[in-house]
Amino acid sequence: EDRTIEKLLAEIVPMRRHARVINISSAEYKKYVRTATGGAKWGNELNSGGETGTPKYALLNYPAHNLYAEPLVSRDLVEDSGFDIVGEINDGALEDFELTENVAFISGDGVEKPYGILGYPAANYVANASWSFGKIGFVATGASGAFPTSSGGVGSADPVLKLPLALKASYRQNAKFMGNRATIGAVRILKDGAGGYVWIQADLARGIPATLAGHEFIEAEQMPDIAANSFSLAIADWERAYTIVDRDGMSVLRDELTRYPSIAFKSSKRVGGGIMNFDAIKLLKFA
């Protein structure tokens, strides 16, 4: 099978292009984030209203997990190949890394891999009205595994139009939807209350991306298909919501002895990730 770079990249979640990426030189990245302000009061220099509340902080920790590939290649292939087989192996390992890590950025459970946006414990998904730091808010469609009004019907886009409003205005400005191609097939025929389509097709020649309800749409194959209780559509200010942590670069070790006569090419890198700002992301639950 012709596994060209273009074919591989077509299936990769483009999280690295939209989330925040940090390079570190230690085993983990730690950051304190403010979860509540202390508030402010009116007063004057002679009559103070007293001290204000104490701001609250949480410590977020992102360890760099080990990701590796170890393909075996026959010595004859390496010696007799008419092209740079070693370079091809290294490029292939890098592409495999991207495919694997981007699955984790969506659904990783934090066990020897990054936490994905859908990988947090189920208790962390709460109705938007009861949202609090450390939990991901969601808005329900009102129908199990579907939109309450059939696709193509007037008003069928109501849940999609409401989802961005679950974000504060400061996050809505740069918010982008994310879903897979099956979800695109469902949302591109949704209509608002006036009967107009809320999906606008991309104009690649002019560099204009596809939009849904006025927000850019990121196609991510690892997002789940629409099903009962699925979180198949997300919207976020991705750079503020999700952080990817890279520990140095990729290392490659050529081992010609352990598996003789085959040659093992051991490639490894360390990467972590997780939600930095739970207030900057919201999910649409098909329930």
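Notes on the structure in this doc start here. (Residues numbered from 1 in each chain as written. Predicted model: local features only at pLDDT ≥ 70, side-chain atom pairs only at ≥ 80, totals over all residues. Heavy atoms only, no water.)

The subject of this paragraph is the nonpolar core. If you look at the biggest cluster of nonpolar residues, it comprises 53 residues, and the most contacted ones within it are Met 15, Ile 117, Met 178, Leu 212 and Trp 238. In contact with Leu 212, not counting residues within four places along its chain, are Val 160, Phe 177, Val 187, Val 198, Trp 199, Phe 217 and Leu 233. If you look at the next biggest cluster of nonpolar residues, it comprises ten residues, including Leu 60, Tyr 62, Ala 64 and Val 245. (Core = buried A, V, L, I, M, F, W, Y, C linked by side-chain atoms within 4.5 Å. Buried < 20%, exposed > 50% of the residue type's maximum accessible area, 1.4 Å probe, protein only. Contact = heavy atoms within 4.5 Å.)

A few words now on the sheet that holds strand S11 (residues 215-219). Within a sheet, neighbouring strands are paired by backbone hydrogen bonds and run either parallel or antiparallel to one another. Strand order in the open sheet formed by eight strands is S6-S7-S15-S12-S8-S11-S10-S9, and the pairing between neighbours is mixed. If you trace the sheet from one side to the other, it starts and ends with strand S6 (125-127) and strand S9 (199-200), each paired once. As judged from the three bridges shared by strand S8 (residues 176-179) and S11, these two strands associate in the parallel manner. Paired with Gly 179 across the strands is Glu 219, a residue of S11. (Pairing = 2+ DSSP bridges. Helix = DSSP H or I, 4+ residues; strand = E, 2+ residues; numbered from the N terminus.)

Put simply, Tyr 260 and Pro 261 share a cis peptide bond, and its omega is 10°. Among the secondary structure elements, Pro 261 is positioned in the loop between strand S13 (242-255) and strand S14 (262-275). Located in the positive-phi region is Asn 229, a residue other than glycine, with phi close to 65°. On the basis of relative accessibility, which here comes to 46%, the residue Asn 229 falls in the partly exposed class.

All right, on to the pairing of strand S4 (residues 65-69) then. On a regular strand, one side chain projects to one face of the sheet and the next to the other, so that they alternate. Side chains His 65, Leu 67 and Ala 69 project from S4 onto a buried face, and the interleaved Asn 66 and Tyr 68 project onto a face without burial. Pairing between S4 and S14: five bridges, direction antiparallel. Along S14, the bridge assignment pairs Asn 66 with Arg 270.

Tracing the sequence through the fold places Lys 282 in strand S15 (residues 281-285). Owing to a relative accessible area of 1%, Lys 282 belongs among the buried residues under this scheme. A polar contact is formed between the side chain of Lys 282 and the backbone oxygen of Asp 279, at a distance of 3.4 Å. Discounting chain neighbours no more than four positions away, the residues touching Lys 282 are Asn 128, Trp 131, Gly 137, Leu 163, Ala 166, Leu 167, Leu 233, Ala 234 and Ile 235. (Polar contact = N/O pair within 3.5 Å; in protein donor to acceptor, adjacent residues only side chain to side chain.)

A few words now on the environment of Ala 166. Relative to the elements of secondary structure, Ala 166 occurs in the loop between helix H5 (158-162) and helix H6 (169-172). In this structure, the C-alpha to C-alpha distance between Ala 166 and Glu 45, residues 121 residues apart in sequence, is 39 Å. Apart from residues no more than four positions distant in its own chain, Ala 166 is found in contact with Asn 128, Val 139 and Lys 282.

Quick look at the layout of surface pockets now. One way to see where empty space is left: roll a probe the size of a water molecule over the atoms. The volume enclosed by the second largest pocket comes to roughly 310 Å³. Taken together, 17 residues line the second largest pocket, and the ones lying closest to its centre are Val 33, Arg 34, Phe 133, Tyr 171 and Asn 277. Listing elements by their share of the lining of the second largest pocket, those giving two or more residues are strand S2 (28-36) and helix H8 (238-241). The biggest single contributor to the lining of the second largest pocket is S2, with five residues. Looking at side-chain class alone, the lining of the second largest pocket contains six nonpolar, four polar and seven charged residues. (1 Å grid on protein atoms, 1.4 Å probe; cavity = no way out; pocket = protein on both sides within 12 Å on 5 of 7 lines; lining within 4 Å. Points joined across faces, edges and corners; volume = space filled by probe spheres on them. Nonpolar A, V, L, I, M, F, W, Y, C, P; charged D, E, K, R; others polar.)

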